[in-house]
Amino acid sequence: MIESADLTKPDTWFPFARAMKRKIIYHCGPTNSGKTYNALQRYMEAKKGIYCSPLRLLAMEVFDKVNALGVYCSLLTGQEKKHVPFSNHVACTVEMVSTDELYDVAVIDEIQMIADPFRGYAWTRALLGLEADEIHLCGDPSVLNIVRKICSETGDELVENHYERFKPLVVEAKTLLGDLKNVRSGDCVVAFSRREIFEVKLAIEKHTNHRCCVVYGALPPETRRQQANLFNDPDNDYDVLVASDAVGMGLNLNIRRIVFYSLSKYNGDKIVPVPASQVKQIAGRAGRRGSLYPDGLTTTLHLDDLDYLIECLKQPFEEVKKVGLFPFFEQVELFAGQLSNVTFCQLLEKFGENCRLDGSYFLCRHDHIKKIANMLEKVPGLSLEDRFNFCFAPVNIRDPKAMYHLLRFASSYSQNLPVSIAMGVPKGSARNDSELLDPRD
Ligand SMILES: Nc1ncnc2c1ncn2[C@@H]1O[C@H](COP(=O)(O)OP(=O)(O)OP(=O)(O)O)[C@@H](O)[C@H]1O
Ligand SMILES: [Mg+2]
């Protein structure tokens, strides 16, 4: 008989945070209502602050903005580290948060992502574990109740600030009638695969006088920043953006209208409709306060998709009942003591089948972690802890080259050989379309 792993009472996993008297401020409201803006005001006033972002591009936006306002701030993502001398502030992606450092003010942006099936645990860890006197949560109302519950368990004080959209988002019923010739200045066409993004860019540049910038997740950081800046700058010909959902949360770009190229996407398994909450987030990039276009519009390329867009925008926020969780290494190690002759991947599977959770928590999906675990099975001599840590390396598991380099890295490491990453991230930004299309070649 295997004894189950105890994942109950996760609030007790962070004794130092529990010993603090923390004040939590929940900035609650729809997109483009000033939530992040207000949280950042407090962050910038603080002596020492941390901002936790759901997206690398948003961490970068905050890093640029805060430094431009004279507050020294460093950047930390799974992909990029920029240490700014004398900085007491950091803008990071939420997976990179340290729960061992003391802060005056922390901001956890897009807190509703705490219920994300894959990444939710990172928000839970930040919320439960951050050692900050004041923690600002920004997000929609779907997780307000569960945050109330968590705060009553942790004993933290909770203050709620409610917001309304600055300007309503207007749906254009005409659509683009299936023809990309109908794009206009300030449009952002959203597609969900790299192939589609480039088809759209090429078609627009061939059939119209518009020039397009592209933004998608796999672009190297400098190129992504350069493309976003090029689009944002009104003094050049680049007036249309073609992007993936890498622009989907929190970002402030000069977008007048969001045009959905399609409303379905590949989820790693099959083609599914884009969830309503995500459609709302993406559409919310149009018409940002303070941008060139404070009145936001959204539509679809094809008439067939329009009804689904309207339906998504009308849907109320659904209340979340459970938030994501993932064990620490020590918890997996304790459980592993009961099993012998299992691979790390089998161990994770058994752990998943045999863990006890409180009613407000679910165990995050870890298919991607298992994929790395399987690959590293061929590397002998790695300790359980090494395997666990390598499984959280921020590599794109769908990129064979990145996976290959992770394997080489782990192999050298296991043999105590010097490790190096041959696959360096390009220093400059892409110079032409082929570099944009396949940034790693
Ligand atoms: N009081 C303000 N004064 C000036 N500009 C503001 C103010 N509040 C918000 N803004 C600007 O409005 C834009 C949208 O605000 P913000 O990014 O805070 O929205 P949000 O509610 O966080 O939206 P999302 O849910 O999409 O993240 C930003 O460019 C921000 O700088
Ligand atoms: Mg925001």
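Worth saying up front: this structure is predicted, and the values here are computed from it rather than measured.

### Remarks on the site of ligand 1
Then, in step 1: The local shell around ligand 1 holds 16 residues, among which K35, T36, Y37, R285 and R288 are the closest.
Then, in step 2: In the environment of ligand 1, an oxygen atom lies 3.0 Å from a nitrogen or oxygen atom belonging to the backbone of S33.
Then, in step 3: Within the contact set of ligand 1, an oxygen atom lies 2.8 Å away from a side-chain nitrogen or oxygen of T36.
Then, in step 4: For ligand 1, whose free accessible area comes to 630 Å², the fraction covered by protein is 83%.
Then, in step 5: The dominant element in the shell around ligand 1, judged by the number of residues it contributes, is helix α2 (residues 35-45), at three residues.

### Description of the UniProt feature "domain: Helicase ATP-binding" (unreviewed entry) in the chain
Then, in step 1: When the UniProt feature table is mapped onto this chain, "domain: Helicase ATP-binding" (unreviewed entry) is found at residues 16-132.
Then, in step 2: Between the end C-alpha atoms of residues 16-132 the distance is 10 Å, and the span holds 32% helix and 26% strand.

### Looking at the pattern of salt bridges
Then, in step 1: Counted according to the given criterion, the structure contains 22 salt bridges.
Then, in step 2: Note that K82 is salt-bridged to E222, the shortest N-O span being 3.2 Å. Placement of K82 in strand β5 (residues 81-82) and of E222 in helix α7 (residues 221-232) is noted, with a sequence separation of 140 residues between them.
Then, in step 3: Judged by relative accessible area, which is 27%, K82 ranks as partly exposed.
Then, in step 4: Two residues, E205 and R211, come together in a salt bridge whose shortest N-O distance is 3.9 Å.
Then, in step 5: One network of salt bridges, in which partners are shared, links D64, E80, K82, E222 and R225.

### Describing the sheet that holds strand β13 (residues 238-243)
Then, in step 1: Spatial ordering of the open sheet is given by β10-β17-β14-β11-β13-β12, a layout of six strands whose pairing is parallel. Whereas interior strands pair on both sides, the edge strands pair on one side only; in this sheet they are β10 (169-171) and β12 (211-215). Adjacent strand axes in the sheet meet at a mean angle of 25 degrees, parallel and antiparallel pairs treated alike.
Then, in step 2: Judged from the three bridges that link them, β10 and strand β17 (residues 296-300) form a sheet pairing that is parallel. Bridge pairing in β17 places L169 opposite G296.
Then, in step 3: The sheet contacts of helix α8 (residues 276-283) involve β10, β11 (187-190), β14 (257-260) and β17, and relative to β14 the element is tilted by about 140 degrees.

### Brief notes about the packing of helix α10 (residues 329-336) against helix α11 (residues 344-353)
Then, in step 1: Two elements in contact, α10 and α11, have axes separated by 10 Å at closest approach and are oriented at 95 degrees. Here α11 runs roughly perpendicular to α10, going by the angle between their axes. Touching Q331, V332, F335 and A336 of α10 are F344, L347, K350 and F351, all from α11.
Then, in step 2: Per-class residue counts for the contact of α10 with α11 are six nonpolar, one polar and one charged.

### Describing the sheet that holds strand β8 (residues 131-139)
In a beta sheet, neighbouring strands are held together by backbone hydrogen bonds and run either parallel or antiparallel to one another.
Then, in step 1: The strand order across the open sheet built from eight strands is β5-β4-β6-β3-β7-β8-β2-β9, with neighbouring strands paired in mixed fashion. Every other strand in the sheet has two partners, leaving β5 and β9 (157-162) as the edge strands with one partner each.
Then, in step 2: As defined by bridge partners, strand β2 (residues 23-28) adjoins β9 across six bridges and the pair is classed as parallel. Paired with C28 across the two strands is H162, which belongs to β9.
Then, in step 3: In the packing of helix α4 (residues 120-129) onto the sheet, the strands contacted are β2, β7 (102-108) and β8, and the crossing angle to β7 comes to about 140 degrees.
Then, in step 4: Lying on the sheet, helix α5 (residues 144-154) is in contact with β2, β8 and β9; it crosses β9 at an angle near 160 degrees.

### Notes on unusual backbone geometry
Then, in step 1: With a phi close to 55 degrees, N341 is a non-glycine residue in the positive phi region.
Then, in step 2: Inspection of the secondary structure assignment puts N341 in the loop between α10 and α11.
Then, in step 3: A positive phi angle, near 60 degrees, is found at N416, a position not held by glycine.
Then, in step 4: By the secondary structure assignment, N416 is in the loop between α14 (400-414) and α15 (433-437).

The rules behind these values
Counting from 1, residues in each chain are numbered in the order their sequence is written. Written order decides the labels, with chains lettered from A and ligands numbered from 1. Where local features are concerned, this predicted model is filtered to residues with pLDDT of at least 70; where side-chain atom pairs are given and counted, the filter is 80 or more; whole-chain, interface and lining totals use all residues. Side-chain numbers come from the whole structure's heavy atoms, not from hydrogens or water. Put simply, a residue is near a molecule or strand once any heavy atom of it comes within 4 Å of that molecule or strand. By the criterion applied in these results, polar contacts are pairs of N or O atoms within 3.5 Å in which, for protein atoms, one can donate a hydrogen and the other can accept it, and in which residues neighboring in sequence qualify only through two side-chain atoms. Here the accessible surface of atoms and residues is derived via Shrake-Rupley with a 1.4 Å probe, and residues count as covered only by protein chains that are part of the display. In this text, helices come from DSSP runs of H or I with a minimum length of four residues, and strands from runs of E with a minimum of two, each type numbered from the N-terminal end. UniProt positions are given in the numbering used here, feature names are shortened, and annotations may be inferred rather than shown by experiment. Salt bridge, as applied in this entry: a Lys or Arg side-chain nitrogen positioned within 4 Å of an Asp or Glu carboxyl oxygen. Think of it in three bands: residues with accessible area under 20% of the maximum for their type are buried, residues over 50% are exposed, and the middle band is partly exposed, with areas taken using a 1.4 Å probe on protein chains only. Two strands are counted as paired when DSSP detects at least two bridges linking them. In this analysis, axes come from line fits to C-alpha atoms, helices being fitted only over the stretch in contact, and the angle between any two N-to-C directions falls in the range 0 to 180 degrees. The criterion used for residue contact is that any of the two residues' heavy atoms lie within 4.5 Å. With respect to orientation, any angle under 35 degrees is reported as roughly parallel, any angle over 145 as roughly antiparallel, any angle of 65 to 115 as roughly perpendicular, and every other angle as oblique. Residue polarity is assigned by list, with Asp, Glu, Lys and Arg as charged and Ala, Val, Leu, Ile, Met, Phe, Trp, Tyr, Cys and Pro as nonpolar; anything else, Gly included, falls into the polar class.

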